[in-house]
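Residue strings, one per chain:
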Amino acid sequence: MGLDFIRRAAKTFTKTWHRGATELARPTLFTHYPECRTRSVIASLDERANIPNGAQLTVCAEATRLVLVHETHRVGLVDAPPADLFKAIQESGGCAIGQITRINPLSGTADVEVE
């Protein structure tokens, strides 16, 4: 009788641990290296590419290089990407999000941050 009364009278509770669980569960490209969120690479731009600083790009792994795509057009290439970056992009489905941080007009290259 006493145990039944206590169970009916006591408030119910659920044990949970929510302190950042959703943040930890969200997959990112560099989940193994949380201190390094983005990586920068230098890409050679196509001559016809007309893209501004800060433009969002799709970075796709193709054979042994990275291809930069803006909207529906190929705008640049990274011929010799770092091996760990290339492998991380391949393992995450073959594509990643990038952003142009600086365009170098004399050399025809751009600094691209890959997330």
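Coordinates for the structure precede this section.
Think of each chain on its own: its residues are numbered from 1, step by step along the sequence as written. Per-residue local features are limited, in this predicted model, to residues with pLDDT of at least 70; the limit for side-chain atom pairs, both in listing and counting, is 80 or more; totals at the level of whole chains, interfaces and linings are taken over all residues. Side-chain numbers here rest on the full set of heavy atoms in the structure, without hydrogens or water.

### Quick word on the overall build of the protein
Now for step 1: When helices and strands are tallied, the protein shows three helices and six strands.
Now for step 2: Taken over 115 residues, the protein has a buried fraction of 30%.
Now for step 3: Note on contacts: a residue pair is in contact if any heavy atoms of the two residues lie within 4.5 Å. The contacts in the protein between residues at least 6 apart in sequence include a share of 57% that link residues at least 24 apart.
Now for step 4: Taken as a whole, the protein presents about 8,700 Å² of accessible surface, with 54% of it coming from carbon and sulfur. In DSSP terms, a helix is any run of H or I states spanning at least four residues, a strand is any run of E spanning at least two, and both are numbered starting from the N terminus. Relative accessible area decides the class of each residue, using a 1.4 Å probe on protein chains only: under 20% of the type maximum gives buried, over 50% gives exposed, and in between gives partly exposed. The method behind every accessible area is Shrake-Rupley, applied with a 1.4 Å probe, and residues are considered shielded solely by the protein chains displayed.

### Quick notes on the pattern of salt bridges
Now for step 1: The salt bridge criterion pairs a side-chain nitrogen of Lys or Arg with a carboxyl oxygen of Asp or Glu, the two atoms within 4 Å. Within the structure shown, the criterion is met by four salt bridges.
Now for step 2: One salt bridge connects Asp 84 with Arg 39, and the closest N-O pair in it is separated by 2.8 Å. Of this pair, Asp 84 sits in helix 3 (residues 83-91) while Arg 39 is found in strand 1 (residues 39-45), placing the two residues 45 residues apart along the sequence.
Now for step 3: Among the salt bridges present, the one from Glu 62 reaches Arg 65, with a minimum N-O distance of 3.0 Å.

### Focus on unusual backbone geometry
Now for step 1: Phi is positive for Ala 63, close to 55°, though the residue is something other than glycine.
Now for step 2: Looking at the secondary structure, you find Ala 63 in the loop between strand 2 (56-62) and strand 3 (65-70).
Now for step 3: The backbone of Glu 71 shows a phi angle near 55°, a positive value even though the residue is not glycine.
Now for step 4: Residue placement: Glu 71 occurs in the loop between strand 3 and strand 4 (73-78).

### Examining the nonpolar core
Among soluble globular proteins, nonpolar side chains are generally buried collectively.
Now for step 1: Residues belong to one nonpolar core when they are buried, are Ala, Val, Leu, Ile, Met, Phe, Trp, Tyr or Cys, and are joined through side-chain atoms within 4.5 Å. If you look at the biggest cluster of nonpolar residues, it comprises 18 residues, and the most contacted ones within it are Leu 66, Leu 68, Ile 89, Val 112 and Val 114.
Now for step 2: Looking at this core, the elements with two or more residues in it are strand 1, strand 2, strand 3, strand 4, helix 3, strand 5 (95-104) and strand 6 (109-114).

By themselves, these observations are geometric and do not establish any function.
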